[in-house]
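# Commentary on secondary and tertiary structure
Residue strings, one per chain:
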Amino acid sequence: DAKTTQPNSMESNEEEPVHLPCNHSTISGTDYIHWYRQLPSQGPEYVIHGLTSNVNNRMASLAIAEDRKSSTLILHRATLRDAAVYYCIRRGGTSGTYKYIFGTGTRLKVLA
Amino acid sequence: EAGVAQSPRYKIIEKRQSVAFWCNPISGHATLYWYQQILGQGPKLLIQFQNNGVVDDSQLPKDRFSAERLKGVDSTLKIQPAKLEDSAVYLCASIAAVSGNTIYFGEGSWLTVV
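In this report, the structure presented in the accompanying data block is examined.

The rules behind each value
Residues numbered from 1 in each chain as written. Chains lettered and ligands numbered in written order. Predicted model: local features only at pLDDT ≥ 70, side-chain atom pairs only at ≥ 80, totals over all residues. Heavy atoms only, no water. Phe/Tyr/Trp six-rings, centres within 6.5 Å; stacked < 30°, edge-to-face > 60°. Helix = DSSP H or I, 4+ residues; strand = E, 2+ residues; numbered from the N terminus. Buried < 20%, exposed > 50% of the residue type's maximum accessible area, 1.4 Å probe, protein only. Disulfide = S-S within 2.5 Å. Core = buried A, V, L, I, M, F, W, Y, C linked by side-chain atoms within 4.5 Å. Contact = heavy atoms within 4.5 Å.

Attention now goes to the packing of aromatic side chains. How two aromatic rings sit relative to each other is given by the distance of their centres and the angle of their planes. Counted according to the given criterion, the structure contains 11 aromatic pairs over all chains. Centre to centre, the rings of A:Tyr36 and B:Phe105 are 6.1 Å apart; their planes meet at 75°, and the pair counts as edge-to-face. Pair noted here: A:Tyr36 is in strand β3 (residues 32-38) and B:Phe105 is in strand β10 (residues 104-105), and the two residues belong to different chains. The two residues A:Tyr36 and B:Phe105 agree in class, both being buried. Here the aromatic rings of A:Tyr100 and B:Tyr33 are separated by 6.0 Å at their centres, their planes lie at 90°, and the arrangement is edge-to-face. Of the two residues, A:Tyr100 sits in strand β9 (residues 99-102) while B:Tyr33 sits in strand β4 (residues 31-37), which places them in two different chains. Across the pair, B:Tyr33 and A:Tyr100 agree in class, each one buried. Pairwise contacts between aromatic rings join A:Tyr36, A:Tyr46, A:Tyr87, A:Tyr100, A:Phe102, B:Tyr33, B:Tyr35 and B:Phe105 into one cluster.

Moving on: the state of the cysteines. Residue and element names in this part refer to chain B. Applying the stated criterion across every chain, the model contains two disulfides over all chains. Between the sulfur of Cys23 and that of Cys92 lies a disulfide, 1.9 Å long from S to S. Taking the sign of the torsion about the S-S bond as the criterion, the disulfide between Cys23 and Cys92, at about -70°, is left-handed. Here Cys92 lies in strand β9 (residues 88-95) and Cys23 lies in strand β3 (residues 19-24), a separation of 69 residues in the sequence.

Core analysis: the biggest nonpolar cluster contains 21 residues, and B:Phe21, B:Trp34, B:Leu77, B:Ile79, B:Tyr90 and B:Leu111 have the highest contact counts within it. Looking at this core, the elements that each hand over two or more residues are β3, β4, β5 (44-50), β8 (75-79), β9 and β11 (109-113) of chain B. Leave out the neighbours within four places in its chain, and B:Leu77 touches B:Val19, B:Ala20, B:Phe21, B:Trp34, B:Leu46, B:Leu60, B:Phe65, B:Ser66, B:Ala67 and B:Tyr90. With 20 residues, the next largest nonpolar core counts A:Leu20, A:Ile64, A:Ala84 and A:Tyr86 among its residues.

The structure is reproduced here in C-alpha cells:
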C-alpha cells in the first residue's frame, strides 16, 4: 500500500535494540496498526498490534505517535533469528470484513 | 491447533496453462483471504471471503483468476491462462470473525510461469 511506507532495509548488531519505523499518514481513526514479520520461504507471522496506546509483548514493543501518523516497532535485543522482512499493516473494516493492507516492508539484517 | 494448510507448495507451469491452489483455513475461521506476493514486494490482497460469500474481489484479475469457497471452509484459487507476470507466492490466510486481531498465514504456494 503506497500510503504505508517503511525503509527498504535496516541493519542491527546482535543483542542491540532495533527501531523499525513506519509512516501511515492517511490512517483512519479506527484502523489498527499491526506488525508482522516474514522469514524466508514462510508466510508472515504476527508480532504485535495496537490502536492508540503503546503496546508491549514478549516479542516486541510498539510505539504509536500521538497523531497516529507513524509508529515504531522496537525489538529490545536483536538476535540472528530476528532477521526477516517486517511489515507494517493497517487493519481496517469491521468484524467479518477486516482488511489487512500491507506496507512496503523493511528487510532487517542482524550482524553477529 | 493446526495452521492454515496450502497445496501444492511449489508449481512450475508454462504460460497459457492453468493451475489451481488449495487452502484449508484454521478450523472455525470464517474469514479467508488470498494474497499474491511478487518477489521483493509485500503481499497484495486478491480476494476475501466471509464464510462462502465474497467480501472483496476488487483486485482479482477476473479475466484469468477465479476463486471459490463453496462450503465456507476450504478454498481454491485458479489461474487460467497463466501469464509470466503471475509468477509469485500465493498466500492463504484466515481469521476468526469475532476477534480479527491475528491473521494466520499459510506457508504459501510458489508459482513459476515459464
